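Descriptive analysis of the structure
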Amino acid sequence: MYDGVKVVLNLDELPTQWYNVLADLPAPLPPPLHPVTKEPCGPPDLMPLFPVALLQQEMSPERYIPIPEELQEAYRRLGRPSPLYRAKRLEEYLDTPAKIYYKREDLSPTGSHKPNTAIAQAYFAMKEGVEQITTETGAGQWGSALSLACALFDIKCRVYMVGVSYDQKPYRRVLMQTYGSEVFRSPSNNTEVGRSVLKENPDHPGSLGLAISEAVEDALNDDKIKYSLGSVLNHVLLHQTIVGQEVKKQFEEIGEYPDMMLGCVGGGSNFAGFFYPFVPDKLKGKDIRFIAVEPKAVPTLTRAPYAYDYGDTGKLAPIVKMYTLGHEFVPPPIHSGGLRYHGDAPSLCLLQKEGILESVAYHQIETFEAGVIFAKTEGIVPAPETNHAIVAVIKEAQKCKKTGEEKVIAFNYSGHGHFDLKGYEEYLAGNLVDYEMPQEQIDKSLEILPKV
Ligand SMILES: *Cc1c(COP(=O)(O)O)cnc(C)c1O
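As a starting point, this report considers the structure included with it. (Residues numbered from 1 in each chain as written. Predicted model: local features only at pLDDT ≥ 70, side-chain atom pairs only at ≥ 80, totals over all residues. Heavy atoms only, no water.)

Looking at the overall build of the chain
- Counting secondary structure elements, the chain contains 19 helices and 15 strands.
- Since a compact globule built from 452 residues should have a radius of gyration of about 22 Å, the 20 Å found for the chain is in line with a globular shape.
- In terms of overall dimensions, the chain has a C-alpha envelope of 60 × 50 × 45 Å along the principal axes.
- Counting the 452 residues in the chain, one finds 62% classified as buried.
- When contacts within the chain are restricted to residue pairs at least 6 apart in sequence, long-range pairs at least 24 apart make up 76% of them.
- Accessible surface, the chain as shown: approximately 17,100 Å² in total, 51% of it carbon and sulfur.
- Where the 45 positive side-chain charges of the chain centre and where its 59 negative ones centre are 2 Å apart. (Helix = DSSP H or I, 4+ residues; strand = E, 2+ residues; numbered from the N terminus. Rg over C-alpha atoms; globule rule 2.2 N^0.38 Å. Buried < 20%, exposed > 50% of the residue type's maximum accessible area, 1.4 Å probe, protein only. Contact = heavy atoms within 4.5 Å. Areas by Shrake-Rupley, 256 points an atom, 1.4 Å probe, with all protein chains shown as cover. Lys, Arg positive; Asp, Glu negative; His and termini not counted. Charge placed at Lys NZ, Arg CZ, Asp CG, Glu CD.)

Structure (structure tokens):
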């Protein structure tokens, strides 16, 4: 149903399978390597970390993977299918002939797309009798999504939260604790990795790579504990494709097709979930652009090399081929906690390498500027991560104004900013600063890439 503002799907139009882009990649995906032997690693190497069902999905060559009935019900509980909105007031404000659409992933109970994979991961863990899940969280979005999912499927949840975010975002911590999770400031004294880092630098601000190492260490030391990751891995991106499949139906319903699709990229999961279901069309020759948007402070897709690197600082996670700033990269303290990872999803990186995907980067202040315009016109306050997509959308819509082209622009509204008002407060007070990564710093962090 389309009322001129939003395209709404019926409950029975919820996708019943996930779309697996691995079946359609234009070149083979370089295999993940074992962090110690540096040989290709298969399911047995990863068994201590992940539930079997998720490992099967991770490696599956099948184009479509069915979503179990019980999980479809859980998706409906999260409010799926989510509406696709037309940004009419933003279009009017920009005075552009472009039509702008955005997918409302902020409407989930924790305010982002992340529960789409969290509930799938908790569901499969529950089926296999897992007692506890450990994970890391940056801004707290992933930790809250997994905490919600674990509460729904009755599993214990432990979250290592990146130090700076733990200090900056107390309410995300309280949200996780409300769902029953244990939350530790990372680096912590719980793990060997954490203790060794704290010994060297008791004031370490933490990083996503480090928090991952802590959570992985817990899972490696106890077979009742599994580890869970909120982005980057194939199965995570797979679960998110429920989003893009809905978008496809929504555009069919109104007889439109996007000329370009945009999304912000931290590890790549929200954007991949949004556009992967459209990749087969592009491979068949359809004229559509996919544009990834990242912070200039963490320029993985726009400035980093395509190379094998560890997924985490402690070198416990597999080595994967991606655009990487080096596993010891400690990002500047920008407010988009979710966009501070040193690498990106391998399949997304491959698509950029093959020319299917473009990428652009913006400074933090211009992203907040865009977010404020969006809040005033569309009435909802975006997450700082989402603001990256919005600034790029505004630039594209302004180009359309110059050329008079009525392009259809679609972006993934990955989350709301209700827990990020500190960032808005600093922006409004004029206290935000921009960070441009100096080339020497990039070069330096790349000296330690593994030799494979
Ligand atoms: C975590 C997060 C992101 C970035 O993660 P991806 O895996 O790249 O999607 C983007 N937006 C929001 C709102 C997030 O919470």
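More follows now that the structure is in view.
Some details on the site of the ligand
- Every one of the 18 residues lining the ligand counts as a neighbour, but Lys-114, Ser-231, Gly-266, Ser-269 and Asn-270 are closest to it.
- Measuring from an oxygen atom of the ligand, one finds a side-chain N or O atom of His-113 at 3.2 Å.
- Within the side chain of Asn-270, a nitrogen or oxygen atom sits 2.7 Å from an oxygen atom of the ligand.
- Relative to its unbound accessible area of 380 Å², the ligand is 98% covered by the protein chains.
- The residue makeup of the shell around the ligand, split by class, is four nonpolar, 12 polar and two charged.
- Each of domain 1 (6-10 + 71-111 + 240-448) and domain 2 (39-67 + 112-227) accounts for three or more of the residues forming the shell around the ligand. (Near = heavy atom within 4 Å. Polar contact = N/O pair within 3.5 Å; in protein donor to acceptor, adjacent residues only side chain to side chain. Nonpolar A, V, L, I, M, F, W, Y, C, P; charged D, E, K, R; others polar. Domains from an automatic or database assignment.)

Digging into helix H9 (residues 192-200)
- Among the residues of H9, those classed as buried are Val-193, Gly-194, Val-197 and Leu-198. Down the axis of H9, the sector holding all buried residues measures 125°, keeping them to one side. In this structure, H9 carries Glu-192, Lys-199 and Glu-200 as exposed residues pointing more than 90 degrees from its buried face.
- On the buried face of H9, the contacting elements are helix H10 (208-220).
- Two to three positions downstream of the cap, the backbone nitrogen of Gly-194 sits 3.0 Å from a side-chain oxygen, assigning the N-cap of H9 to Thr-191. (Arc of directions from axis to C-beta.)

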